[in-house]
Every structure is written in structure tokens, then in C-alpha cells.
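Chains, contacts and geometry: an overview
Here is what each chain is made of, one letter per residue.
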Amino acid sequence: MLEGRKIIVGVTGGISAYKTCYVVRGLKKLGADVKVIMTPSATQFVTPLTFSTLSGNEVIVEMFPASTREGTDIGTKHINLALWADLMLIAPASANTIAKIAHGIADNFLTSLVLAIRCPLILAPAMDVDMYLNEVTQRNLKILKELGYLIIEPEEGELASGLVGVGRMAEPERIIEFVKDFFAGVKFDLKGKKILVTAGPTYEPIDPVRFIGNWSSGKMGFEIAKASAHRGAEVILVTGPTNLGTPKNVRRIDVVTSDQMFNVVVEFYDQVDVVIMSAAVADYTPIQKFEKKLKKEDLPDETVELKLKKTKDILKYLGERKKSQILVGFALETDNVLENAIQKLKDKNLDLIVLNTIGEGSGFGYDTNIVTIISKDGEMESLPKMTKYEVAHKILDKVSLIFKKGEMKK
Ligand code: CTP
């Protein structure tokens, strides 16, 4: 089932390292080629000899070998290994290693390798309940999730310390299932394609301290960028102001105003195969931008009028100049939803439009979304509530299908 898959298993210091022996044995049984890397503290729990016997491969612990006689590839060994792997799994992932990875610290072989890998990384955290629930650990895990690393959530139960709570590493069977599912679902169907994704709100300045904005968090666009990268695409993410971390293997360009977003998107338009406009671009911007902060005494009246002008419709502009690119737009409607979305798809010459609903568990700020995807040929798919990452894959499935149909015609 995992025949020919190359997997690096990283082991960090924690009592559940003993369970990782079963993981390595299970992955081997399924036909995977497994190489184990241990942190020095992991060797306090299980010996490298155990893992080297189970994996049938050399186990690496130290960044630097004891003598130069051991090889001439010191310094590049982690790079060679990084290029070799299809997947890296860290189990158990201690609070310490999670913190290091979240902050790019590379102070041992395992953490250096993490910085160098191009393949996806799965982590199975394991630690005591208070360490796990500690705000710093939770923040670090959030950073890793935003970066596109996959987390096998720890289980609840009795812990080695005697305390009861969440923090126990997932059982070996669950970890092996997760790896199998990962390979079953992984698609590299967008390899060789260039995708430009826009995300977040735009801010339209009134004066140096005030702006007109909207509640877009940027999550949907960031998840699309992440999912595109996971499927092998080269990704450019043009984003308005957000607090989100840049997903791995994504080139990010930050903008503030709709005008700046327009300029960047247009600059790259001819070089890309797909544009997915998930940004909530402001439709209007103040006509006059005040150089100095507006003071109340400058505005003697009880009411103030702010004159706005229409911004450039980026998607419409792209639609009018479309060559072979696939264009995907978003629509947020409150009434006549389907008719309005279909009209938008036609007006802007799009291939797909994603109709967003606003409500409980869907829309601005949520991690989930409820959408209907409508294609140019009238096909419509209404999806149940799912995570924004899953929605991203559904959109990319449609994009991939358009590529396939195009290739069949050739
Ligand atoms: N969009 C854009 N440029 C703008 C405004 C919107 O490219 N200046 C894109 C959005 O990124 C989205 C799609 O157009 O993909 C739909 O945006 P929306 O604001 O909902 O639609 P509008 O066409 O502006 O119409 P309305 O606001 O009247 O519904």
C-alpha cells in the first residue's frame, strides 16, 4: 500500500517514543522505505539501534559526526535526505521541537532537516496536559497549522506523569492510518501550473490614520494558496492586511489598497495559468486622501460627507483580457443569490464562481465555509459545511478538471 513511498520518521524526546517503534514497523510492513532521525534527547527513551533494526536503515542523531572519517557529506547530509523524502512524520513531537520548528530554529539534525524539506510534514504532538494546553504551545501549534503542516491531534487519557488530560500521542494505528490517508488523497495534479491567489481585505485610506476596510480575515485565500502548493503548483499569494502566516512554498506579496492589488495582479497576469480572486476588494475608495490627520475642528458640522469613487474591478479587467488563463471569482450575495452569482460569472468572463454564504460557520473569520461552486457551463455543486482547506481542494478539483478537458481537446 505504501510501496516505494519514502518516509522520514523524526523522533523527539518523550516517553511515547516507544510507540513510534510500532509506527516504523507498521510503515515498513506496508512497503514504505523508512529512515529514522532522532534528537539527542529521544535516545534517552529508545536506542538508535532499535530504530535502525526496525527500519533497516542507518539512524541519524548528531548533526556532526564524531570524526571526518565517517564521511565527506557532513553539512549536506540533511539536504540530500530532504530531497529524498516524499513525507516527513515527527512522532512524538515534543513541545520543545514544536516551538523550535515554529520559529525556524535549527540546532540539531532533525530541526535542520525540517527547514530543508520540500515534502509535507506531519506532526504527532505528545506531552503532558499542562504543557500541551500552555498558551505558548497552542500558539506554536497554530503557527504550524497556518504554515500547512498537518497535525495528528493528541488523545485524552492517563498520561505518563499520572495526570489525566489531553496530550497522549495518537496510537500507532491512528498514525499509520493518517499516513495512508495522506498518500491516498495526495494529488500532484497542479505540478507545473502557476496559480495567483488573492486574499484578505483591502484598506482604502481616508487620511494617514483612518481607512475604509472590511471584515475579511484572508483565511479562505490562504487555504487556497496552501492547498495549491500541496498539489504541486507554483503559487503567488497577493494579500491585503491580515495576521496570517505565509504557507510553505508560497510566494507572498503584501498590498494594502485595491489599487496596489490591481497593479500586482495585472503585472503577473500574463505569467500565470490560473487567477483565484478570493480577496474582498473594496468596491469604493475615497476620492480625496487627506495628507494630514483630519481634526474635528476642520469639520465644524455635525455630519460629515465622504465622497467615494469606484475602484477598478480587477476580475472584470482580467476577464476582458483573458487568453488561456482560468479565472475564478467569489460572490457574496444576500438575495437572489444564484441569479446574481451566475450574472457575475458572465459579466466578468469567469470559468468558475464560488458563491459564499454568510451565517453560522460560514463567511468572514470562520475556519469553515458553506459554498456553491458554479462553472461556466452551468454545472453547480452545493457543498455542505466544511473547513476552508477542504473547500480550497474542491475549488482546485474543478480547476484541475478544466485543465484536463483542455488537454483532451488538444
Ligand atoms: N473583485 C475584484 N475587484 C473589485 C471588486 C471585486 O476583482 N474591485 C472580485 C472579488 O475578488 C470577487 C468578485 O470580484 O472575486 C466579486 O466581488 P463582489 O464585490 O462580490 O462583486 P461585485 O462585482 O463588486 O458586485 P456587488 O458588490 O455589487 O455584489
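Cut-offs applied
Once a new chain begins, its residue numbering starts again from 1 and follows that chain's sequence as written. The predicted nature of this model means local features are confined to residues of pLDDT at least 70 and side-chain atom pairs, given and counted, to a pLDDT of 80 or more, with totals for whole chains, interfaces and linings taken over all residues. By convention in this description, side-chain values take in all heavy atoms of the structure and omit both hydrogens and water. Two strands pair under a simple rule: DSSP has to find at least two bridges between them. Helix and strand assignments come from DSSP, with helices taken as H or I runs of at least 4 residues and strands as E runs of at least 2, each series counted from the N terminus. Whenever a helix is involved, its axis is fitted only over the stretch in contact; in every case the axis is a line through C-alpha atoms, and angles between N-to-C directions fall within 0 to 180 degrees. Whether two residues are in contact is decided by their heavy atoms, any of which lying within 4.5 Å being enough. Here the term patch refers to residues with relative accessible area over 30% and no salt bridge, with like charges joined within 9 Å and nonpolar side chains (Val, Leu, Ile, Met, Phe, Trp, Tyr) within 5 Å. Only the protein chains shown count as cover for residues, with accessible areas throughout obtained via the Shrake-Rupley method and a probe of 1.4 Å. By salt bridge we mean one thing: a side-chain nitrogen of Lys or Arg within 4 Å of a carboxyl oxygen of Asp or Glu. Here the term buried applies to any residue with accessible area under 20% of the maximum for its type, exposed to any over 50%, and partly exposed to those in between, with areas from a 1.4 Å probe on protein chains only. Throughout, near means a residue has at least one heavy atom within 4 Å of the molecule or strand. Polar contact is the term for a pair of N or O atoms within 3.5 Å; when the atoms are in protein, one must be able to donate a hydrogen and the other to accept it, and sequence-neighboring residues count only if both atoms are side-chain atoms. A cavity, in this analysis, means grid points on a 1 Å lattice covering only the protein atoms where a 1.4 Å probe fits yet has no way out; a pocket is instead an open set bounded by protein on both sides within 12 Å along at least five of seven lines, and a residue lines either one if it has an atom within 4 Å of a point. To qualify as sitting in a cavity or pocket, a molecule needs more than half of its atoms within 2 Å of the grid points. Residues are sorted three ways: Asp, Glu, Lys and Arg are charged, Ala, Val, Leu, Ile, Met, Phe, Trp, Tyr, Cys and Pro are nonpolar, and all the rest, Gly among them, are polar. The labels follow the angle: roughly parallel below 35 degrees, roughly antiparallel above 145, roughly perpendicular from 65 to 115, and oblique for the rest. Throughout, a crossing is termed right-handed when the near helix is turned clockwise from the far one, and left-handed when it is turned anticlockwise from it by less than a right angle. Multiplying one less than the number of residues by 1.5 Å gives the expected span of a helix.

Moving on, we come to the sheet that holds strand β11 (residues 234–239). Strand order across the open sheet formed by eight strands is β12-β11-β8-β13-β16-β17-β19-β20, with mixed pairing between neighbours. Both edges of this open sheet fall to β12 (250–254) and β20 (380–382), since each of them pairs with a single strand only. With strand direction ignored, the average angle separating the axes of adjacent strands in the sheet is 15 degrees. Sheet topology note: the strand β16 (residues 326–332)/strand β17 (residues 352–356) ladder contains five bridges and is parallel. Across the sheet, residue leucine 332 finds its bridge partner in β17, namely asparagine 356. Relative to strand β8 (residues 194–199), helix α10 (residues 258–269) is tilted by about 175 degrees, and along the sheet it contacts β8, β11, β12, β13 (274–277) and β16. Against the sheet, helix α12 (residues 337–347) contacts β16, β17, β19 (371–375) and β20, and its axis sits at roughly 150 degrees relative to β17.

This brings us to a nonpolar patch on the surface. The grouping of Ile15, Tyr18, Tyr22 and Phe45 at the surface amounts to a nonpolar patch, some 440 Å² of accessible area in total. The topology assignment puts phenylalanine 45 in the loop between β2 (33–38) and α2 (48–55). The partly exposed category is assigned to phenylalanine 45, whose relative accessible area is 43%.

Near the ligand there are 15 residues, and of these Met277, Ala279, Phe330, Lys344 and Lys348 occur at the shortest range. In the model, an oxygen atom of the ligand is placed 2.8 Å from a nitrogen or oxygen of the methionine 277 main chain. One of the backbone nitrogen or oxygen atoms of lysine 312 is found 3.0 Å away from a nitrogen atom of the ligand. Assessed atom by atom at 2 Å from the grid points, the ligand resides in the second largest pocket. Sorting the residues of the shell around the ligand by element identifies α11 (314–320) and β16 as the ones contributing at least two each. In terms of residue count, β16 provides more of the shell around the ligand than any other element does, three residues in total. Residue classes in the shell around the ligand are distributed as eight nonpolar, two polar and five charged.

The contact between helix α3 (residues 77–84) and helix α5 (residues 109–116) brings their axes to 9 Å, and the two run at 50 degrees. In terms of axis orientation, α3 runs oblique to α5. As for how α3 packs across α5, the hand of that crossing is right-handed. Within the contact between the two elements, α3 uses Lys77, His78, Ile79, Leu81 and Ala82 and α5 uses Phe109, Ser112, Leu113 and Ala116. In terms of residue class, the contact of α3 with α5 is made up of six nonpolar, two polar and one charged.

It is worth spelling out the side chain of threonine 12 at this point. Relative to the assigned elements, threonine 12 resides in the loop between β1 (6–11) and α1 (17–29). Of note is the side chain of threonine 12, whose polar atom sits 3.0 Å from the backbone nitrogen of serine 94.

The next subject is α1. Spacing of three or four residues puts side chains on the same side of an α-helix, whose turn is 3.6 residues. For α1, which comprises 13 residues, the first-to-last C-alpha distance of 19 Å matches the rise-based estimate of 18 Å (1.5 Å per residue) to within 8%. Of the positions making up α1, those classed as buried are Ala17, Lys19, Thr20, Cys21, Val23, Val24, Gly26 and Leu27. Here the buried face of α1 lies against β1, β2, α2, β3 (87–93), β7 (164–168) and α8 (172–185).

Positionally, aspartate 207 belongs in strand β9 (residues 204–207). Classification of aspartate 207 by relative accessible area gives buried; the value is 3%. A polar atom in the side chain of aspartate 207 sits 2.9 Å from the backbone nitrogen of valine 209. Within polar-contact distance, the side chain of aspartate 207 engages the side chain of arginine 210 at 2.5 Å. Other than its neighbours up to four places away in sequence, aspartate 207 contacts Phe290, Lys292, Lys293 and Leu294.

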